Amino acid sequence: MLDNYAFWISTPNLDFLEIGANQGFKRVVCDIEHNGFSPDRREALVVAARAMGLEIFFKIEGPEPVWVQRALDLGVDGVVIPHCGRLADCAAALATSKFPPLGTRSYAAGRSARFQPPDPDYFARCNREVACLPMIETAEALDDIEAILGHECVDGVFVGPFDLALTRGRPTYAFTEADRTDIARIGDAAARAGKPWWIPAWTPPEQDFAARQGASVRVIAAEHQVLNAGFANVLSQLPKAKQEEAAG
């Protein structure tokens, strides 16, 4: 049922990770870029996700090779790379997602290799299975969408609708016709390239639109969104007098 969905973690919350797995999700995206994930907590999330059968993806700090390498060394299933402009701006980071001869990733004999010598297919298997998903969240990346999708190290793209709307000159992202046109353009380019695309889709209209446009993964159930909804649900069930007391 949830094969085409992922949930979103904003803090290194192992309880939230486990609850998401218990609800039937198959994959999680950790927003490393905007939040405080210490190295040991990043590692704990990866270990826990693996134990629960979750695919885990890190949205890393930026399009820098060092951040790509550090995430992959922990054994994540893929990296979401923010702040990509034109292909030339992010090409070095994209290349770091794959081992030679395809890319420039460096081998680490640690968690990503299951703490053992690599088998004969290890490097080719990582290149096939570990996803590199540059974000299309700037006007420049949208202009260069075909070139980015055509890069040999790119497995798909991840839409960043708010930043995309802002850099395209709109006051915010509001799922307007202009927003939908940009998203559809990304979806069409991905379809032509034969590669998947992911998008955060927080509302039913966004989720329906993304599905109709062929999005491979819709990211829903953001941690803070879920917590807010949970509090609102609890408060809504209070007796009226208690609700007024809580509001006052």
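Presented here is a report on the structure given in the accompanying data block. Keep in mind it's a predicted model, so treat the numbers as computed, not measured. (Residues numbered from 1 in each chain as written. Predicted model: local features only at pLDDT ≥ 70, side-chain atom pairs only at ≥ 80, totals over all residues. Heavy atoms only, no water.)

1. A closer look at the environment of Pro65
- Tracing the sequence through the fold places Pro65 in helix H3 (residues 65-73).
- The exposure class assigned to Pro65 is partly exposed, which follows from its relative accessible area of 29%.
- Once the C-alpha coordinates of Pro65 and Leu238 are considered, the two residues, 173 residues apart in sequence, prove to be 51 Å apart.
- Beyond its immediate stretch of four places on either side in the chain, Pro65 contacts Ala92, Ala93 and Thr96. (Helix = DSSP H or I, 4+ residues; strand = E, 2+ residues; numbered from the N terminus. Buried < 20%, exposed > 50% of the residue type's maximum accessible area, 1.4 Å probe, protein only. Contact = heavy atoms within 4.5 Å.)

2. Overview of unusual backbone geometry
- That bond from Pro100 to Pro101 is cis: its omega, 5 degrees, falls within 30 degrees of zero.
- Here Pro101 lies in the loop between helix H4 (87-95) and helix H5 (122-129).
- At Phe115, a position not held by glycine, the phi torsion is positive, near 60 degrees.
- With respect to the helices, strands and loops of the structure, Phe115 is situated in the loop between H4 and H5.
- Even without being a glycine, Phe175 presents a positive backbone phi close to 55 degrees.
- Position of Phe175 relative to the elements: it lies in the loop between helix H8 (161-167) and helix H9 (177-193).

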